[in-house]
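What follows is the residue order along each chain.
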Amino acid sequence: MQDKLIKVLNAEKNFGEIKAVDNVSFSVKKGSFFGLLGPNGAGKTTIIRMIMNILAADNGRILINGDRIAEEHKNSIGYLPEERGLYKKLIVCEMLTYLGNLKNIKGKELDKSIDYWLSIFNLIQWKNKKIDDLSKGMSQKVQFTGAVVHNPEILILDEPFAGLDPVSADMLNGIILKLKKKMKNRSILYTYHGSCGKNMQRYISN
C-alpha cells in the first residue's frame, strides 16, 4: 500500500547559471505534517512549484501517490501560494465559489464549506464585501479558505503567515494544528524561513 503521498527524488532546478534546487530528495507520508525550513532564497518555493507542476524539474522525479503529477491529482491538492492572488473586484463569496469550482466542488456542499471557514476566521460578515475592502490579513484568511474549501488530500502552504499580525498568525497556527489532527490520512506540507519555523515547531509538537 502506498504510504507516501509526495516523493521528491534527486530534484534539480536551474535558472540560467543559478542553481535554485540542487539534488533534493524527501518524502511526505500520509497523515504527516512536513516542513521545508530555510532562509529566503534557499529554493523552498521553487520546490513547491515543481511539486505543483508549475515549474518542471531539470533533473529528478516528483511523484504524487506514486505517479508523476497530472491534472487528475490537482483536485486533491489545496495550495496557498507565496504570492497571493485574489481578484480584488470580486466579492468574497464569489471569489471562494470560483476557487471551489476549479476544484470540482459546487452547490450546497460548497456553500456550506465556505460558510464554515468564514465563520472559523470571523469573516462571515464580510462574505458579501469586495476583496478590495479587506485588510491584508483578512485577504490572507480568504486565500487560506480557498486552499481548504474542497477538503483536499494534500495541503501545501507556502509561507502561510506572511502578512498576518501576531494575533491572526496565532489563530492560523491553531487552525493548522486542528487540521493536522483531523486529517488522518491527509498531509500538510508547509514552508517557513528561519525563526518562523522554530516558532511553528511548538504547535506541531503539542
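Scroll up for the structure.
Residues numbered from 1 in each chain as written. Predicted model: local features only at pLDDT ≥ 70, side-chain atom pairs only at ≥ 80, totals over all residues. Heavy atoms only, no water.

A. Looking closely at unusual backbone geometry. In this model, N53 sits at a positive phi of 65°, which is unusual for a non-glycine residue. Structurally, N53 is set in the loop between α1 (44-51) and β4 (59-64). Positive phi, normally seen in glycine, also occurs at N122, with a value near 55°. Position of N122 relative to the elements: it lies in the loop between α4 (107-120) and α5 (136-148). (Helix = DSSP H or I, 4+ residues; strand = E, 2+ residues; numbered from the N terminus.)

B. Expanded view of the nonpolar core. Counting 33 residues, the largest nonpolar core has V142, F144, L157 and I176 as the members making the most contacts within it. Counting only elements with at least two residues in this core, the list comes to α3 (92-102), α4, α5, β7 (154-158), α6 (166-182) and β8 (187-192). With 5 residues, α6 is the single largest residue contributor to this core. Apart from the residues within four sequence positions on either side, F144 is in contact with L80, W117, F121, L157, L172, I175, I176 and L179. Residues V8, A11, F26 and I154 belong to the second largest nonpolar core, which totals 22 residues. (Core = buried A, V, L, I, M, F, W, Y, C linked by side-chain atoms within 4.5 Å. Buried < 20%, exposed > 50% of the residue type's maximum accessible area, 1.4 Å probe, protein only. Contact = heavy atoms within 4.5 Å.)

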